[in-house]
Amino acid sequence: MPAPQLGALRQYQNTAVADAASADIPPQQLVAMLLGGALERLNAARGCILGGDSVRKAPLIASASAIIEHLRLCLDHQAGGEIAQNLDALYDYMGRRLLRANLDNDAAGVEEVAELLRTIKAAWDEVGRPAPRPRLLR
């Protein structure tokens, strides 16, 4: 497994699917897991902000930011073209937005990034679904 994927897995290893990290995971599934892990952390961080727990909030946001940065670093700009370029800019924005949200205890900022990640994850999950088989008419 390439080094960027190992680093990304390390960021994700404290989640419910961490046991699968030691298996040979296809890149499609790994990205979906990483997106899910970042979302879990952002949801928890938002709850911490709303509950006034800034001690727990900071490492959750830092971990989600690290996952996002690893996803950014793993983009294949040659194969991905404009899509990879757009994702790179979006991941960069998310990182900066989370930094500001962390400093300001801004639950809305965390939610904004979570919504962007949910959109990416929904599209990613759709790409990973097998195409429906055509029905033969008789």
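Residues numbered from 1 in each chain as written. Predicted model: local features only at pLDDT ≥ 70, side-chain atom pairs only at ≥ 80, totals over all residues. Heavy atoms only, no water.

A. Inspection of the overall build of the protein at higher detail. Scanning the protein for helices and strands turns up five helices and zero strands. Put simply, the protein runs from its N terminus to its C terminus through helices and strands in the order α-α-α-α-α. Across the 138 residues of the protein, 36% fall into the buried class. At a minimum sequence separation of 6, the contacts of the protein that also span at least 24 residues come to 60%. Carbon and sulfur atoms form 56% of the exposed surface of the protein, whose accessible area is close to 8600 Å². (Helix = DSSP H or I, 4+ residues; strand = E, 2+ residues; numbered from the N terminus. Buried < 20%, exposed > 50% of the residue type's maximum accessible area, 1.4 Å probe, protein only. Contact = heavy atoms within 4.5 Å. Areas by Shrake-Rupley, 256 points an atom, 1.4 Å probe, with all protein chains shown as cover.)

B. The arrangement of helix 5 (residues 107–128) in detail. Taking 1.5 Å per residue, 22 residues should reach 32 Å; helix 5 reaches 31 Å between its end C-alpha atoms and fits that length. Restricting attention to buried positions, one finds in helix 5 the residues Ala-107, Gly-109, Val-110, Val-113, Ala-114, Leu-117 and Ile-120. Projected down its long axis, helix 5 carries its buried residues within an arc of 150 degrees, all on one side. Contacts from the buried residues of helix 5 go to helix 2 (27–51), helix 3 (54–73) and helix 4 (77–104). The N-cap residue of helix 5 is Asp-106: its side-chain oxygen and the backbone nitrogen of Ala-108 are 3.1 Å apart. (Expected span 1.5 Å × (residues − 1). Arc of directions from axis to C-beta. Polar contact = N/O pair within 3.5 Å; in protein donor to acceptor, adjacent residues only side chain to side chain.)

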